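Read off the chains here:
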Amino acid sequence: VQNRLDAVINLAKRRGFVFQAGEIYGGSRSAWDYGPLGVALKENIKRQWWKTFVQGRDDMVGLDSSIILPSAVWQASGHVATFTDPLVECLQCHKRHRQDHLEEAFEAKKGRAAASMEEITCPDCGTTGKWTEPQMFSGLMKTYLGPVDNEAGQHYLRPETAQGIFVNFSNVLTVSRKKPPFGIGQVGKAFRNEITPGNFIFRTREFEQMEIEFFTAPDDAPEWFDRWVEACWSWFVDLGVDPANMRRFEVPEDERAHYSAGTIDVEYRFGFQGSEWGELMGIANRTDFDLSSHSKASGKDLVYFDQATGERYTPFVIEPSFGLTRSLMAFLVDAYAEEEVPNAKGGTDTRTVLRLDPRLAPVKVAVLPLSRNEQLSPLAREIAGRLRSLWAIDFDDAGAIGRRYRRQDEVGTPFCVTIDFDSLEDGAVTVRERDSMAQTRVKVDELEAHLAQGLIG
Ligand code: ATP
(Lines give C-alpha, C1' and ligand atoms only; values in the text may rest on other atoms or scores of the structure.)
Protein backbone atom coordinates (compact mmCIF):
# COMPACT_ATOMS: atom_id res chain seq x y z
CA VAL A 1 0.00 0.00 0.00
CA GLN A 2 2.93 2.31 0.65
CA ASN A 3 3.82 2.00 -3.04
CA ARG A 4 0.33 3.08 -3.94
CA LEU A 5 0.60 6.12 -1.67
CA ASP A 6 3.99 6.91 -3.21
CA ALA A 7 2.45 6.61 -6.66
CA VAL A 8 -0.30 9.06 -5.72
CA ILE A 9 2.20 11.55 -4.28
CA ASN A 10 4.33 11.17 -7.36
CA LEU A 11 1.36 11.81 -9.64
CA ALA A 12 0.29 14.80 -7.55
CA LYS A 13 3.72 16.38 -7.98
CA ARG A 14 4.26 15.38 -11.59
CA ARG A 15 0.92 16.69 -12.82
CA GLY A 16 0.94 19.82 -10.71
CA PHE A 17 -1.70 19.11 -8.11
CA VAL A 18 0.69 19.91 -5.28
CA PHE A 19 4.11 21.59 -5.14
CA GLN A 20 6.45 21.94 -2.23
CA ALA A 21 6.26 25.44 -0.71
CA GLY A 22 9.33 27.50 -1.58
CA GLU A 23 10.70 24.67 -3.69
CA ILE A 24 13.28 26.75 -5.58
CA TYR A 25 14.83 27.61 -2.19
CA GLY A 26 15.00 24.01 -1.07
CA GLY A 27 11.40 23.72 0.03
CA SER A 28 9.66 23.37 3.36
CA ARG A 29 7.65 20.58 4.92
CA SER A 30 5.49 23.11 6.75
CA ALA A 31 3.21 23.80 3.86
CA TRP A 32 2.44 22.90 0.26
CA ASP A 33 1.31 24.91 -2.72
CA TYR A 34 -1.58 23.82 -4.89
CA GLY A 35 -0.94 23.94 -8.63
CA PRO A 36 -3.48 24.44 -11.42
CA LEU A 37 -5.15 21.05 -10.99
CA GLY A 38 -4.78 21.04 -7.20
CA VAL A 39 -6.48 24.38 -6.69
CA ALA A 40 -9.32 23.28 -8.97
CA LEU A 41 -9.77 20.05 -7.01
CA LYS A 42 -9.62 21.90 -3.69
CA GLU A 43 -12.20 24.46 -4.87
CA ASN A 44 -14.48 21.65 -6.04
CA ILE A 45 -14.26 19.88 -2.66
CA LYS A 46 -15.05 23.15 -0.90
CA ARG A 47 -17.96 23.83 -3.23
CA GLN A 48 -19.47 20.38 -2.65
CA TRP A 49 -19.06 20.76 1.09
CA TRP A 50 -20.70 24.18 1.06
CA LYS A 51 -23.52 22.95 -1.16
CA THR A 52 -24.24 19.97 1.08
CA PHE A 53 -23.82 21.48 4.50
CA VAL A 54 -24.49 25.22 4.17
CA GLN A 55 -26.44 26.17 1.05
CA GLY A 56 -28.35 22.89 0.98
CA ARG A 57 -29.74 23.09 4.52
CA ASP A 58 -32.37 25.29 6.05
CA ASP A 59 -30.68 25.05 9.47
CA MET A 60 -27.24 26.29 8.40
CA VAL A 61 -25.63 29.62 7.49
CA GLY A 62 -22.09 30.52 6.44
CA LEU A 63 -19.35 32.71 7.86
CA ASP A 64 -15.83 33.83 6.97
CA SER A 65 -14.04 35.06 10.09
CA SER A 66 -10.50 36.36 10.45
CA ILE A 67 -7.34 34.30 10.90
CA ILE A 68 -5.71 36.66 13.38
CA LEU A 69 -7.62 37.04 16.61
CA PRO A 70 -6.76 38.81 19.86
CA SER A 71 -5.02 36.76 22.56
CA ALA A 72 -8.11 37.12 24.76
CA VAL A 73 -10.04 34.79 22.45
CA TRP A 74 -7.42 32.07 22.78
CA GLN A 75 -7.19 32.54 26.50
CA ALA A 76 -10.95 32.11 26.88
CA SER A 77 -11.04 29.13 24.51
CA GLY A 78 -8.43 27.35 26.59
CA HIS A 79 -5.92 27.18 23.77
CA VAL A 80 -3.23 29.23 25.50
CA ALA A 81 -3.39 26.94 28.55
CA THR A 82 -4.08 23.57 26.99
CA PHE A 83 -3.11 23.59 23.32
CA THR A 84 0.12 21.99 24.30
CA ASP A 85 1.60 18.63 23.58
CA PRO A 86 4.31 16.62 25.30
CA LEU A 87 7.60 16.72 23.42
CA VAL A 88 10.50 14.35 23.84
CA GLU A 89 13.97 14.63 22.36
CA CYS A 90 16.11 11.68 21.26
CA LEU A 91 19.31 11.71 23.29
CA GLN A 92 21.21 10.20 20.36
CA CYS A 93 20.23 12.37 17.35
CA HIS A 94 18.53 15.26 19.18
CA LYS A 95 15.43 15.17 16.95
CA ARG A 96 12.23 16.12 18.75
CA HIS A 97 8.96 14.24 18.54
CA ARG A 98 5.51 14.43 20.03
CA GLN A 99 5.31 11.74 22.66
CA ASP A 100 1.68 10.93 21.84
CA HIS A 101 2.49 10.46 18.15
CA LEU A 102 5.37 8.09 19.00
CA GLU A 103 3.09 6.12 21.28
CA GLU A 104 0.35 5.93 18.66
CA ALA A 105 2.81 4.69 16.03
CA PHE A 106 4.14 2.06 18.45
CA GLU A 107 0.66 0.81 19.21
CA ALA A 108 -0.33 0.73 15.54
CA LYS A 109 2.71 -1.39 14.74
CA LYS A 110 2.78 -3.71 17.75
CA GLY A 111 -0.92 -3.97 18.48
CA ARG A 112 -0.42 -2.99 22.13
CA ALA A 113 0.46 0.13 24.07
CA ALA A 114 4.08 0.76 25.03
CA ALA A 115 4.79 0.14 28.70
CA SER A 116 7.11 3.15 28.79
CA MET A 117 9.28 5.33 26.55
CA GLU A 118 12.05 2.74 27.14
CA GLU A 119 10.41 0.60 24.47
CA ILE A 120 10.09 3.29 21.83
CA THR A 121 12.53 3.63 18.95
CA CYS A 122 13.48 6.97 17.43
CA PRO A 123 12.11 7.10 13.86
CA ASP A 124 15.04 9.28 12.81
CA CYS A 125 18.09 7.36 14.03
CA GLY A 126 16.71 4.01 15.17
CA THR A 127 17.94 4.29 18.77
CA THR A 128 15.60 2.68 21.28
CA GLY A 129 14.66 4.02 24.67
CA LYS A 130 16.92 7.08 24.91
CA TRP A 131 14.59 10.00 25.46
CA THR A 132 14.53 13.17 27.49
CA GLU A 133 11.70 13.75 29.96
CA PRO A 134 8.68 15.17 28.14
CA GLN A 135 8.33 18.94 27.95
CA MET A 136 5.10 20.71 27.14
CA PHE A 137 5.13 22.67 23.92
CA SER A 138 2.54 25.12 22.56
CA GLY A 139 1.15 24.46 19.12
CA LEU A 140 -0.12 28.01 18.71
CA MET A 141 1.54 30.20 16.10
CA LYS A 142 2.30 33.69 17.30
CA THR A 143 2.57 36.91 15.43
CA TYR A 144 3.15 40.50 16.52
CA LEU A 145 0.97 43.32 15.27
CA GLY A 146 1.94 46.95 15.36
CA PRO A 147 5.35 48.61 15.36
CA VAL A 148 6.95 46.82 18.29
CA ASP A 149 7.30 43.09 18.85
CA ASN A 150 6.10 43.04 22.41
CA GLU A 151 3.56 41.28 24.61
CA ALA A 152 0.86 43.85 23.91
CA GLY A 153 1.06 43.27 20.17
CA GLN A 154 1.09 39.51 20.45
CA HIS A 155 -1.70 37.78 18.58
CA TYR A 156 -2.25 34.19 17.54
CA LEU A 157 -3.02 32.71 14.18
CA ARG A 158 -6.07 30.51 14.59
CA PRO A 159 -5.32 26.80 15.11
CA GLU A 160 -8.94 26.04 14.14
CA THR A 161 -11.67 28.05 12.47
CA ALA A 162 -14.15 27.21 15.24
CA GLN A 163 -13.40 30.08 17.62
CA GLY A 164 -14.20 32.65 14.93
CA ILE A 165 -17.65 31.11 14.83
CA PHE A 166 -18.19 31.16 18.60
CA VAL A 167 -17.21 34.80 18.95
CA ASN A 168 -19.70 35.64 16.19
CA PHE A 169 -22.51 33.49 17.61
CA SER A 170 -24.55 36.39 18.83
CA ASN A 171 -24.02 38.45 15.63
CA VAL A 172 -25.14 35.59 13.44
CA LEU A 173 -28.07 34.71 15.67
CA THR A 174 -29.38 38.26 15.39
CA VAL A 175 -28.98 38.73 11.66
CA SER A 176 -29.92 35.27 10.43
CA ARG A 177 -33.13 34.96 12.46
CA LYS A 178 -32.20 31.35 13.10
CA LYS A 179 -32.69 29.64 16.40
CA PRO A 180 -31.27 26.41 17.79
CA PRO A 181 -31.03 23.83 16.39
CA PHE A 182 -28.99 25.66 13.76
CA GLY A 183 -25.38 25.78 12.69
CA ILE A 184 -22.67 27.97 11.20
CA GLY A 185 -20.23 26.66 8.60
CA GLN A 186 -16.86 28.06 7.66
CA VAL A 187 -13.96 27.10 5.41
CA GLY A 188 -10.50 28.53 5.81
CA LYS A 189 -6.88 28.32 6.79
CA ALA A 190 -5.66 27.20 10.18
CA PHE A 191 -2.14 27.14 11.58
CA ARG A 192 -0.46 24.84 14.08
CA ASN A 193 3.17 24.71 14.98
CA GLU A 194 3.31 20.95 14.43
CA ILE A 195 6.55 19.38 15.59
CA THR A 196 6.65 16.71 12.94
CA PRO A 197 4.84 17.83 9.84
CA GLY A 198 4.91 15.09 7.24
CA ASN A 199 3.21 12.38 5.25
CA PHE A 200 2.85 14.78 2.34
CA ILE A 201 -0.14 17.11 2.90
CA PHE A 202 -1.55 14.99 5.76
CA ARG A 203 0.09 17.04 8.49
CA THR A 204 1.28 20.55 7.78
CA ARG A 205 1.71 23.74 9.79
CA GLU A 206 -0.54 25.68 7.46
CA PHE A 207 -3.67 23.83 6.35
CA GLU A 208 -7.33 24.31 5.60
CA GLN A 209 -10.39 23.22 7.50
CA MET A 210 -14.10 23.04 6.80
CA GLU A 211 -15.92 23.34 10.10
CA ILE A 212 -19.45 23.38 11.39
CA GLU A 213 -20.52 24.52 14.84
CA PHE A 214 -24.05 23.31 15.35
CA PHE A 215 -25.96 24.83 18.27
CA THR A 216 -28.64 22.80 20.04
CA ALA A 217 -30.60 22.66 23.27
CA PRO A 218 -28.49 20.65 25.77
CA ASP A 219 -30.89 17.69 25.82
CA ASP A 220 -30.88 17.39 22.03
CA ALA A 221 -27.10 17.33 21.69
CA PRO A 222 -26.58 13.52 21.75
CA GLU A 223 -29.15 12.99 19.01
CA TRP A 224 -27.63 15.71 16.82
CA PHE A 225 -24.19 14.24 17.42
CA ASP A 226 -25.33 10.90 15.93
CA ARG A 227 -27.01 12.63 13.00
CA TRP A 228 -23.86 14.59 12.22
CA VAL A 229 -21.67 11.49 12.32
CA GLU A 230 -23.95 9.94 9.71
CA ALA A 231 -24.08 13.10 7.59
CA CYS A 232 -20.28 13.42 7.53
CA TRP A 233 -19.74 9.76 6.72
CA SER A 234 -22.32 9.94 3.90
CA TRP A 235 -20.73 13.03 2.40
CA PHE A 236 -17.51 11.16 1.68
CA VAL A 237 -19.29 8.06 0.44
CA ASP A 238 -21.62 10.07 -1.81
CA LEU A 239 -18.54 11.70 -3.36
CA GLY A 240 -17.11 8.32 -4.17
CA VAL A 241 -14.88 7.33 -1.25
CA ASP A 242 -15.01 3.56 -0.75
CA PRO A 243 -16.55 2.94 2.69
CA ALA A 244 -14.23 -0.08 3.03
CA ASN A 245 -11.41 2.47 3.35
CA MET A 246 -13.15 4.39 6.13
CA ARG A 247 -13.78 3.57 9.76
CA ARG A 248 -15.12 5.27 12.85
CA PHE A 249 -12.99 5.58 15.94
CA GLU A 250 -14.71 6.47 19.18
CA VAL A 251 -12.11 8.50 21.06
CA PRO A 252 -11.83 7.19 24.66
CA GLU A 253 -12.50 9.67 27.41
CA ASP A 254 -8.87 10.06 28.52
CA GLU A 255 -7.77 10.98 24.98
CA ARG A 256 -10.56 13.46 24.26
CA ALA A 257 -10.19 17.22 24.38
CA HIS A 258 -11.05 18.43 27.89
CA TYR A 259 -14.32 20.05 26.79
CA SER A 260 -15.61 17.08 24.81
CA ALA A 261 -18.49 14.89 25.97
CA GLY A 262 -17.94 12.56 23.03
CA THR A 263 -15.73 12.45 19.95
CA ILE A 264 -15.83 10.21 16.92
CA ASP A 265 -13.02 10.42 14.41
CA VAL A 266 -13.62 9.29 10.88
CA GLU A 267 -10.41 7.62 9.77
CA TYR A 268 -9.22 6.87 6.27
CA ARG A 269 -6.86 4.15 5.11
CA PHE A 270 -4.17 6.47 3.70
CA GLY A 271 -1.65 3.62 3.61
CA PHE A 272 1.11 5.13 5.73
CA GLN A 273 4.00 3.00 6.80
CA GLY A 274 3.36 1.49 10.20
CA SER A 275 -0.22 2.56 10.69
CA GLU A 276 -2.22 2.57 7.48
CA TRP A 277 -5.00 4.65 8.99
CA GLY A 278 -5.11 8.35 9.71
CA GLU A 279 -7.72 10.76 11.07
CA LEU A 280 -9.67 12.34 8.27
CA MET A 281 -12.06 14.41 10.36
CA GLY A 282 -13.67 14.46 13.78
CA ILE A 283 -17.10 15.09 15.24
CA ALA A 284 -17.17 16.33 18.83
CA ASN A 285 -19.85 17.19 21.34
CA ARG A 286 -18.26 20.34 22.78
CA THR A 287 -21.09 20.84 25.29
CA ASP A 288 -21.62 24.48 26.33
CA PHE A 289 -17.91 24.88 27.03
CA ASP A 290 -17.18 27.41 24.29
CA LEU A 291 -20.15 29.73 24.65
CA SER A 292 -19.90 29.65 28.45
CA SER A 293 -16.18 30.45 28.38
CA HIS A 294 -16.64 33.34 25.96
CA SER A 295 -19.62 34.62 27.96
CA LYS A 296 -17.55 34.67 31.11
CA ALA A 297 -14.42 36.16 29.57
CA SER A 298 -16.05 38.77 27.34
CA GLY A 299 -18.89 39.76 29.63
CA LYS A 300 -21.32 39.35 26.73
CA ASP A 301 -24.26 37.15 27.61
CA LEU A 302 -24.38 34.25 25.15
CA VAL A 303 -27.33 32.52 26.78
CA TYR A 304 -30.15 31.76 24.40
CA PHE A 305 -33.70 32.69 25.31
CA ASP A 306 -36.36 30.65 23.55
CA GLN A 307 -39.41 32.87 23.33
CA ALA A 308 -41.69 30.01 22.36
CA THR A 309 -40.98 27.91 25.47
CA GLY A 310 -39.66 30.58 27.82
CA GLU A 311 -36.51 28.50 28.33
CA ARG A 312 -33.05 29.95 28.82
CA TYR A 313 -29.97 27.93 28.09
CA THR A 314 -26.42 28.10 26.83
CA PRO A 315 -26.53 26.06 23.63
CA PHE A 316 -24.51 22.87 23.33
CA VAL A 317 -22.28 22.61 20.29
CA ILE A 318 -21.83 19.67 17.97
CA GLU A 319 -18.71 20.22 15.90
CA PRO A 320 -18.03 18.33 12.69
CA SER A 321 -14.49 19.39 11.79
CA PHE A 322 -13.13 18.41 8.37
CA GLY A 323 -9.59 18.88 7.13
CA LEU A 324 -9.93 20.25 3.60
CA THR A 325 -6.37 19.43 2.60
CA ARG A 326 -6.59 16.01 4.30
CA SER A 327 -9.85 15.35 2.47
CA LEU A 328 -8.15 16.27 -0.79
CA MET A 329 -5.47 13.70 -0.04
CA ALA A 330 -8.07 11.05 0.79
CA PHE A 331 -10.03 11.76 -2.41
CA LEU A 332 -6.82 11.45 -4.44
CA VAL A 333 -5.70 8.21 -2.78
CA ASP A 334 -9.15 6.68 -3.05
CA ALA A 335 -9.58 7.62 -6.71
CA TYR A 336 -6.20 6.29 -7.80
CA ALA A 337 -6.17 3.09 -9.86
CA GLU A 338 -3.82 1.32 -12.20
CA GLU A 339 -5.41 -1.14 -14.59
CA GLU A 340 -4.65 -3.27 -17.62
CA VAL A 341 -6.40 -2.13 -20.76
CA PRO A 342 -6.28 -3.51 -24.31
CA ASN A 343 -4.02 -1.62 -26.72
CA ALA A 344 -4.13 -1.19 -30.48
CA LYS A 345 -1.59 -4.00 -31.05
CA GLY A 346 -3.82 -6.66 -29.48
CA GLY A 347 -1.86 -6.64 -26.21
CA THR A 348 -2.44 -4.73 -23.00
CA ASP A 349 -1.15 -1.50 -21.49
CA THR A 350 -1.29 -0.28 -17.93
CA ARG A 351 -3.25 2.90 -17.54
CA THR A 352 -3.38 5.11 -14.50
CA VAL A 353 -6.79 6.57 -13.85
CA LEU A 354 -8.15 8.85 -11.16
CA ARG A 355 -11.75 7.79 -10.71
CA LEU A 356 -12.72 11.09 -9.14
CA ASP A 357 -16.38 11.86 -8.90
CA PRO A 358 -17.12 14.18 -11.85
CA ARG A 359 -18.17 16.88 -9.34
CA LEU A 360 -14.64 16.89 -7.97
CA ALA A 361 -12.68 16.39 -11.19
CA PRO A 362 -10.49 19.45 -11.85
CA VAL A 363 -11.07 19.26 -15.61
CA LYS A 364 -14.51 18.14 -16.74
CA VAL A 365 -13.98 17.82 -20.47
CA ALA A 366 -10.89 17.62 -22.68
CA VAL A 367 -11.31 18.70 -26.27
CA LEU A 368 -8.90 16.83 -28.54
CA PRO A 369 -8.66 17.39 -32.30
CA LEU A 370 -7.38 14.14 -33.79
CA SER A 371 -4.44 15.97 -35.27
CA ARG A 372 -3.18 19.51 -35.57
CA ASN A 373 -4.83 20.49 -38.80
CA GLU A 374 -6.13 23.62 -40.53
CA GLN A 375 -9.66 22.32 -40.58
CA LEU A 376 -9.90 20.32 -37.35
CA SER A 377 -8.22 22.84 -35.06
CA PRO A 378 -10.62 25.78 -35.65
CA LEU A 379 -13.66 23.54 -35.19
CA ALA A 380 -12.18 22.01 -32.03
CA ARG A 381 -11.31 25.46 -30.65
CA GLU A 382 -14.80 26.68 -31.33
CA ILE A 383 -16.33 23.70 -29.50
CA ALA A 384 -13.89 24.15 -26.58
CA GLY A 385 -14.75 27.84 -26.40
CA ARG A 386 -18.44 27.12 -26.14
CA LEU A 387 -18.03 24.44 -23.48
CA ARG A 388 -15.69 26.63 -21.45
CA SER A 389 -18.55 28.88 -20.40
CA LEU A 390 -20.07 25.87 -18.66
CA TRP A 391 -17.20 23.72 -17.36
CA ALA A 392 -13.45 23.57 -16.81
CA ILE A 393 -12.10 22.56 -20.22
CA ASP A 394 -8.68 21.43 -21.36
CA PHE A 395 -7.61 21.71 -24.99
CA ASP A 396 -4.81 19.48 -26.19
CA ASP A 397 -3.75 18.89 -29.77
CA ALA A 398 -0.22 17.61 -29.29
CA GLY A 399 0.87 13.99 -29.75
CA ALA A 400 -0.82 10.66 -30.31
CA ILE A 401 -4.49 10.50 -29.33
CA GLY A 402 -3.93 7.44 -27.11
CA ARG A 403 -1.32 9.30 -25.10
CA ARG A 404 -3.61 12.30 -24.74
CA TYR A 405 -6.37 10.04 -23.39
CA ARG A 406 -3.91 8.66 -20.82
CA ARG A 407 -2.92 12.16 -19.71
CA GLN A 408 -6.57 12.98 -19.11
CA ASP A 409 -7.29 9.65 -17.38
CA GLU A 410 -4.54 10.14 -14.84
CA VAL A 411 -5.91 13.51 -13.73
CA GLY A 412 -9.48 12.23 -13.64
CA THR A 413 -11.09 14.06 -16.57
CA PRO A 414 -14.53 12.42 -16.96
CA PHE A 415 -14.97 13.09 -20.69
CA CYS A 416 -12.78 13.49 -23.76
CA VAL A 417 -14.30 14.94 -26.91
CA THR A 418 -12.44 14.01 -30.08
CA ILE A 419 -12.92 15.90 -33.31
CA ASP A 420 -11.86 13.90 -36.37
CA PHE A 421 -12.12 14.21 -40.14
CA ASP A 422 -15.59 12.65 -40.14
CA SER A 423 -16.71 15.50 -37.89
CA LEU A 424 -16.24 17.88 -40.81
CA GLU A 425 -18.70 15.78 -42.83
CA ASP A 426 -21.29 14.63 -40.27
CA GLY A 427 -21.18 17.41 -37.68
CA ALA A 428 -20.61 14.84 -34.91
CA VAL A 429 -17.78 14.17 -32.45
CA THR A 430 -16.65 11.19 -30.36
CA VAL A 431 -17.24 11.38 -26.63
CA ARG A 432 -15.09 9.01 -24.58
CA GLU A 433 -16.02 8.25 -21.00
CA ARG A 434 -13.11 7.91 -18.55
CA ASP A 435 -14.03 4.81 -16.54
CA SER A 436 -15.61 2.57 -19.16
CA MET A 437 -13.55 4.08 -22.01
CA ALA A 438 -16.78 3.68 -24.03
CA GLN A 439 -16.94 5.91 -27.09
CA THR A 440 -20.17 7.46 -28.32
CA ARG A 441 -20.76 9.48 -31.47
CA VAL A 442 -22.65 12.65 -30.58
CA LYS A 443 -23.94 15.48 -32.81
CA VAL A 444 -22.22 18.77 -32.03
CA ASP A 445 -25.66 20.34 -31.48
CA GLU A 446 -26.41 17.77 -28.78
CA LEU A 447 -22.98 17.79 -27.18
CA GLU A 448 -23.76 20.11 -24.28
CA ALA A 449 -26.88 18.21 -23.32
CA HIS A 450 -25.03 14.89 -23.58
CA LEU A 451 -22.15 16.03 -21.38
CA ALA A 452 -24.50 17.71 -18.91
CA GLN A 453 -26.04 14.33 -18.07
CA GLY A 454 -22.70 13.13 -16.74
CA LEU A 455 -21.67 16.40 -15.12
CA ILE A 456 -24.51 17.13 -12.77
CA GLY A 457 -23.70 19.23 -9.71
P1 ATP B 1 -4.12 15.04 14.86
O2 ATP B 1 -4.44 14.09 15.99
O3 ATP B 1 -3.94 14.36 13.52
O4 ATP B 1 -3.08 16.06 15.16
P5 ATP B 1 -6.32 16.61 15.77
O6 ATP B 1 -7.14 15.60 16.47
O7 ATP B 1 -5.46 17.56 16.49
O8 ATP B 1 -5.46 15.90 14.62
P9 ATP B 1 -8.50 18.34 15.21
O10 ATP B 1 -8.05 19.36 16.16
O11 ATP B 1 -9.67 17.48 15.55
O12 ATP B 1 -7.27 17.41 14.79
O13 ATP B 1 -8.72 19.06 13.81
C14 ATP B 1 -9.80 18.76 12.97
C15 ATP B 1 -9.34 18.33 11.59
O16 ATP B 1 -8.42 19.28 11.03
C17 ATP B 1 -8.55 17.03 11.58
O18 ATP B 1 -9.42 15.91 11.55
C19 ATP B 1 -7.76 17.15 10.29
O20 ATP B 1 -8.56 16.78 9.18
C21 ATP B 1 -7.46 18.62 10.22
N22 ATP B 1 -6.10 18.89 10.72
C23 ATP B 1 -5.73 19.06 12.01
N24 ATP B 1 -4.41 19.29 12.09
C25 ATP B 1 -3.93 19.27 10.82
C26 ATP B 1 -2.63 19.45 10.24
N27 ATP B 1 -1.58 19.74 11.00
N28 ATP B 1 -2.50 19.36 8.91
C29 ATP B 1 -3.59 19.09 8.13
N30 ATP B 1 -4.83 18.92 8.61
C31 ATP B 1 -5.01 19.00 9.94
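Owing to the predicted nature of the structure, the values given are computational and were not obtained by experimental measurement.

Visitor: Can you lay out the side chain of Asp306 for me, pointing to particular residues and giving the numbers?
Guide: Among the secondary structure elements, Asp306 is positioned in strand S15 (residues 304-306). Polar side-chain contacts of Asp306 include one of 3.0 Å to the backbone nitrogen of Ala308. Leave out the neighbours within four places in its chain, and Asp306 touches Lys179 and Glu311.

Visitor: With reference to specific residues and values, describe unusual backbone geometry.
Guide: Most peptide bonds are trans, and most residues other than glycine sit at a negative phi. With omega at 0°, the peptide bond leading from Pro180 into Pro181 counts as cis. Tracing the backbone shows Pro181 in the loop between helix H7 (169-176) and strand S10 (182-191). One non-glycine residue, Phe200, adopts positive backbone phi at about 60°. Assignment of secondary structure puts Phe200 in the loop between S10 and strand S11 (206-216). Phi is positive for Met437, which is not a glycine, with a value near 60°.

Visitor: Lay out the sheet that holds strand S7 (residues 135-138) with the relevant residues and their values.
Guide: On the basis of which strands lie adjacent, the open sheet formed by three strands has the order S6-S5-S7 and antiparallel pairing. Only two strands of the sheet have a single partner each, and these edge strands are strand S6 (96-98) and S7. Averaged over neighbouring strand pairs, the angle between their axes works out to 45° when direction is ignored. Bridge count between strand S5 (residues 84-89) and S6: three bridges; the pairing is antiparallel.

Visitor: Which residues make up H7, and what are the values?
Guide: Inspection of H7 places Phe169, Ser170, Val172 and Leu173 among the buried residues, and these make up the whole buried set. All buried residues of H7 fall inside an arc of 165° around its axis, so they share one side. In this structure, H7 carries Thr174 and Val175 as exposed residues pointing more than 90 degrees from its buried face.

Each value, and the rule that gives it
- Residues numbered from 1 in each chain as written.
- Predicted model: local features only at pLDDT ≥ 70, side-chain atom pairs only at ≥ 80, totals over all residues.
- Heavy atoms only, no water.
- Helix = DSSP H or I, 4+ residues; strand = E, 2+ residues; numbered from the N terminus.
- Polar contact = N/O pair within 3.5 Å; in protein donor to acceptor, adjacent residues only side chain to side chain.
- Contact = heavy atoms within 4.5 Å.
- Pairing = 2+ DSSP bridges.
- Axes fitted to C-alpha atoms, helices over the stretch in contact; angles between N-to-C directions.
- Buried < 20%, exposed > 50% of the residue type's maximum accessible area, 1.4 Å probe, protein only.
- Arc of directions from axis to C-beta.

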